Amino acid sequence: MKASRIDDPAISRSPLAIQGLTVSYGQKPVVYSVDFITPPGSLTAIVGPNGAGKSTMLKAALGIKRRLSGEVLVYGEPYEQQSCHVAYVPQRNSVDWDFPATVLDVVVMGLFRDLRWWQLTRRHHRDMALECLCRVGMEAFAKRQIGQLSGGQQQRVFLARALAQSADLTILDEPFAGVDAATEKAIVEVLKSLKRQGKTLLCVHHDLSTVRDYFDHVLLLNVRRIAAGPVDKAFTEKTLQEAYGGRLSSLQLEQIVMPSATTQKV
């Protein structure tokens, strides 16, 4: 593996390269021998059925869950040495929303890696956090306790916290789950603006009908890697049927795979 960091330019340039990743619950592997090199500057969807190991793969890559085997590299070096380049937006159901923190406090937490233990947050840190809240349309809620927000508002706040980290790679675990249409649109606009800045984004995503509109790359996963690459090449009837075990109907596939009328006009 060490040689691959030197010999493979794609790995040394990649914000996240996963090699041979396996995660097991007891005797059952939930992610098995997955290889994936995240293209720099891409907006990538991780797609697959429930129980496919999408969230588990990301948590194992980030060290939140134990890896049975495999290596995770950030710009060609172990993730543990390069974690400062990565921001993570977890699933909403994994967060303690009763924690006594305001919206602004939560976003300021995204700046902690830039602060030393002896430093207190200063006015410019809070100004930076407020700017990030403005980018997601949540500045008016800065003093609100985080648990008093709606699901969509909470998701915007955690995206603002990720923005505060100014990371090269942002990983989002189901960012559109349980949010309204306005929040989904706002999140997509922020993600696309980050991509235009050269940032890399990796999202667990469930709505197959919006993959072509939101993302330029895709990883299809069902315990194993099924396919990966640009959406127009990897997101096909064949790979979808393989990932979903043939459970998608012809009508569903036509609606998912064929570009929408809006996309065609663009």
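This text follows the structure it describes.
What counts as what
- Residues numbered from 1 in each chain as written.
- Predicted model: local features only at pLDDT ≥ 70, side-chain atom pairs only at ≥ 80, totals over all residues.
- Heavy atoms only, no water.
- Salt bridge = Lys/Arg side-chain N within 4 Å of Asp/Glu carboxyl O.
- Helix = DSSP H or I, 4+ residues; strand = E, 2+ residues; numbered from the N terminus.
- Buried < 20%, exposed > 50% of the residue type's maximum accessible area, 1.4 Å probe, protein only.
- Patch = residues over 30% accessible without salt bridge, like charges linked within 9 Å, V, L, I, M, F, W, Y side chains within 5 Å.
- Areas by Shrake-Rupley, 256 points an atom, 1.4 Å probe, with all protein chains shown as cover.
- Pairing = 2+ DSSP bridges.
- Axes fitted to C-alpha atoms, helices over the stretch in contact; angles between N-to-C directions.
- Contact = heavy atoms within 4.5 Å.

**Student:** How would you sum up the pattern of salt bridges? Please name residues and give values.
**Tutor:** Where charged atoms of side chains with opposite charge meet at close range, the side chains can pair. Going through the model one piece at a time under the given rule, you end up with three salt bridges. Measuring nitrogen to oxygen at the nearest pair gives 3.8 Å for the salt bridge that ties Arg-126 to Asp-105. Of this pair, Arg-126 sits in helix 6 (residues 123–135) while Asp-105 is found in helix 5 (residues 103–108), placing the two residues 21 residues apart along the sequence. You can call Arg-126 partly exposed: its relative accessible area is 30%. We classify Asp-105 as partly exposed; its relative accessible area is 28%. Residues Asp-216 and Lys-195 are paired through a salt bridge, measuring 3.3 Å at the closest nitrogen-oxygen approach. Here Asp-216 is found in the loop between helix 9 (211–214) and strand 9 (217–222), whereas its partner Lys-195 is found in helix 8 (residues 181–196), with 21 residues between them in sequence. Overall, Asp-216 belongs to the partly exposed group, its relative accessible area being 25%.

**Student:** Could you give an account of unusual backbone geometry, with specific residues and numbers?
**Tutor:** Even without a glycine there, the phi angle at Ser-166 is positive, about 50°. Tracing the chain through its elements places Ser-166 in the loop between helix 7 (151–164) and strand 7 (169–173). By relative accessible area, Ser-166 is classed as exposed at 52%. You will see that Glu-174, though not glycine, has its phi angle at about 55°, which is positive. On the secondary structure map, Glu-174 appears in the loop between strand 7 and helix 8.

**Student:** Explain a nonpolar patch on the surface to me, and be specific about the residues and the numbers.
**Tutor:** Residues Phe-99, Met-109 and Phe-112 make up a contiguous nonpolar surface patch of roughly 300 Å² in combined accessible area. Positionally, Phe-99 belongs in the loop between strand 6 (86–89) and helix 5. For Phe-99, a relative accessible area of 45% translates into the label partly exposed.

**Student:** I'd like a description of the sheet that holds strand 7, backed by residues and values.
**Tutor:** Here we have six strands laid out as an open sheet, ordered 6-7-8-3-9-10, and mixed in their pairing. Whereas interior strands pair on both sides, the edge strands pair on one side only; in this sheet they are strand 6 and strand 10 (224–230). Shown here is a sheet whose adjacent strand axes are inclined to one another by a mean of 15°, direction ignored. As paired elements, strand 3 (residues 43–47) and strand 8 (residues 200–204) share four bridges and run parallel to each other. Among the inter-strand pairings, Thr-44 is bridged to a residue of strand 8, identified as Leu-202. Sheet strands in contact with helix 7 are strand 6 and strand 7, and its direction is about 170° off that of strand 6.

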